[in-house]
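Read off the chains here:
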Amino acid sequence: TVDCVDRPVSNVYLFTGTARLTDIQPASNGGYILAGATTGSGAGGEDGIIIRASGTGTVLWTKAYGGTENDHFTRVRHTADNGYIAVGTTKSGRYPQGEMMIVKFSNSGATEWARNIGFNTIYGETGYDIVQTSDGGFAALGIYDQHTGNGEFMIARLDGNGTLNWVRRFGT
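Source: prediction; values computed, not measured.

J.: Hey, could you run me through the overall build of the chain in this one?
T.: Helix and strand counts for the chain stand at zero helices and 12 strands. The order of α-helices and β-strands along the chain, N terminus first, is β-β-β-β-β-β-β-β-β-β-β-β. Counted over contacts in the chain with a minimum sequence separation of 6, partners at least 24 positions apart contribute 36%. Taken as a whole, the chain presents about 9000 Å² of accessible surface, with 51% of it coming from carbon and sulfur.

J.: Teacher, can you tell me more about a nonpolar patch on the surface here?
T.: Side chains of Tyr 128, Leu 141, Phe 153 and Phe 170 sit close together on the surface and give an oily, nonpolar patch of about 360 Å² of accessible area. When you line up the elements, Phe 153 lands in strand β11 (residues 150–158). The class for Phe 153 is partly exposed, based on a relative accessible area of 42%.

J.: Even after reading the chapter, I still don't get the nonpolar core, so can you show me in this structure?
T.: Generally speaking, nonpolar side chains in soluble globular proteins are found buried as a group. Ranked by internal contacts, the top residues of the largest apolar core, which has 13 residues, are Ile 85, Met 100, Ile 102, Trp 113, Ile 130 and Ala 140. Every element with two or more residues in this core is listed here: β6 (84–90), β7 (99–105), β8 (111–117), β10 (138–147) and β11. Excluding residues that lie within four positions of it along the chain, Ala 140 makes contacts with Met 100, Ile 102, Asp 129, Ile 130, Met 154, Ile 155 and Ala 156. In this structure, Ala 35, Phe 73, Val 76 and Ala 86 belong to the second largest nonpolar core, which totals 12 residues.

J.: Looking at this structure, how should I read the pattern of salt bridges?
T.: Where charged atoms from two side chains of opposite charge come close, those side chains can pair. Applying the stated criterion across every chain, the model contains eight salt bridges. Of the charged contacts, one joins Lys 104 and Asp 81 as a salt bridge, the two residues approaching to 3.1 Å between their closest N and O atoms. Of this pair, Lys 104 sits in strand β7 while Asp 81 sits in the loop between β5 (71–78) and β6, and the two are 23 residues apart along the sequence. Residue Lys 104 is classed as buried on the basis of its relative accessible area of 2%. Three or more residues joined by partner-sharing salt bridges are found here, namely Asp 23, Arg 77 and Asp 129.

J.: It is not clear to me how the pairing of β10 should be interpreted in this structure. Could you clarify?
T.: Strand residues, when the strand is regular, have side chains that alternate between the two faces of the sheet. Burial analysis of β10 places seven of its 10 residues in the buried class, the great majority of the element. As paired strands, strand β9 (residues 126–132) and β10 are joined by six bridges and run antiparallel to one another. The residue bridging Val 131 from the neighbouring strand is Ala 139, located in β10. Here β9 hands over to β10 after five residues, with Gly 136 in that stretch at a positive phi of 90°. Bridging between β10 and β11 involves eight bridges; their strand directions are antiparallel. Bridge pairing in β11 places Leu 141 opposite Ile 155.

J.: Can you walk me through unusual backbone geometry in this structure?
T.: In most cases, non-glycine residues show a negative phi, while peptide bonds are predominantly trans. Notably, Asn 82 is not glycine yet its phi reads approximately 70°, a positive angle. Inspection of the secondary structure assignment puts Asn 82 in the loop between β5 and β6. The partly exposed category is assigned to Asn 82, whose relative accessible area is 36%. The backbone phi angle of Asn 120 is positive, close to 55°, even though this residue is not glycine. Looking at where Asn 120 falls in the secondary structure, it is placed in the loop between β8 and β9.

J.: Would you take a moment to explain the side chain of Ser 54 for this structure?
T.: With respect to the element layout, Ser 54 can be found in the loop between β3 (47–53) and β4 (59–65). For Ser 54, a relative accessible area of 17% corresponds to the buried category. The contact partners of Ser 54, leaving out residues within four places of it in the chain, are Gly 31, Tyr 32 and Leu 60.

J.: Is there a simple way to think about the sheet that holds strand β1 (residues 19–26) in this case?
T.: Read from one edge to the other, the open sheet built from four strands follows the order β1-β2-β3-β4, with strand pairing classed as antiparallel. The open sheet is flanked by β1 and β4, the only strands paired with a single partner. Taken pair by pair, the neighbouring strands of this sheet meet at an average axis angle of 20°, ignoring direction. Summarising the sheet, strand β2 (residues 32–38) and β3 pair through seven bridges and their orientation is antiparallel. Pairing of Tyr 32 across the sheet is with Ala 53, part of β3.

What counts and how
- Within any chain, residue numbers begin from 1 and follow the written order of that chain's sequence.
- With pLDDT at 70 or above as the cut-off, local features in this predicted model cover only qualifying residues; side-chain atom pairs require 80 or more to be listed or tallied, and sums for whole chains, interfaces and linings still use all residues.
- Remark: hydrogens and water are excluded; side-chain values derive from all non-hydrogen atoms of the structure.
- Only runs of H or I of at least four residues qualify as helices and only runs of E of at least two qualify as strands under DSSP, and these elements are numbered from the N terminus.
- Should any heavy atoms of two residues lie within 4.5 Å, those residues are considered in contact.
- Exposure was quantified through the Shrake-Rupley algorithm and a 1.4 Å probe, taking into account, for residues, occlusion by the shown protein chains and nothing else.
- To count toward a patch, a residue needs a relative accessible area above 30% and no salt bridge. Like charges then connect within 9 Å, nonpolar side chains (Val, Leu, Ile, Met, Phe, Trp, Tyr) within 5 Å.
- Definition used for salt bridges: Asp or Glu carboxyl oxygen within 4 Å of a side-chain nitrogen of Lys or Arg.
- Working definition: with a 1.4 Å probe on protein chains only, accessible area under 20% of the residue-type maximum means buried, over 50% means exposed, and in between means partly exposed.
- Throughout this description, the term nonpolar core refers to a set of buried Ala, Val, Leu, Ile, Met, Phe, Trp, Tyr and Cys residues connected via side-chain atoms within 4.5 Å.
- Strands pair, by our definition, only if DSSP identifies at least two bridges between them.
- To get an axis, a line is fitted to the C-alpha atoms, and for a helix only the part in contact is used. The angle between two axes follows their N-to-C directions and goes from 0 to 180 degrees.

See the structure below:
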């Protein structure tokens with residue numbers, strides 16, 4: 001069983017703009033990795049944000065990622081090389097309606113590579129989740145032509161360097 005204990009919050013993450021966090025995962029060597037979006041730093045609009053925190057919640061580093069339009073991360077995962085992979089949506093890429101955004105970060109938060117996947121659909125594409133595959137690549141889940149809860153499921157397969165191998169759509 002797990003006991004819940006009332007205790008004061010010792011770490012509060014403050015941003016100069018608005019912020020929302022959408023995922024938390026265990027990080028390599030203890031601590032946590034968090035993903036979401038903020039308007040308080042980065043290139044403009046809403047930018048995806050990754051926060052690396054210690055086991056006690058102390059911020060070790062933060063990384064804002066995005067362009068001049070609205071971008072956000074939905075999920076972040078630890079990778080076999082002790083880095084991180086994040087997936088979300090960018091409206092700062094080729095297609096302003098939205099593209100799936102995948103960014104690979106090192107353990108220290110440096111961007112190793114980034115890939116946007118979009119098809120210039122009326123409503124755009126959205127990234128929701130990502131996993132590392134047994135061969136060191138990645139499989140990302142999203143929605144193709146996302147609109148009012150509709151659209152088709154989209155799975156994208158990338159190699160470990162971010163090269164897109166294939167995309168498959170299925171659903172509606």
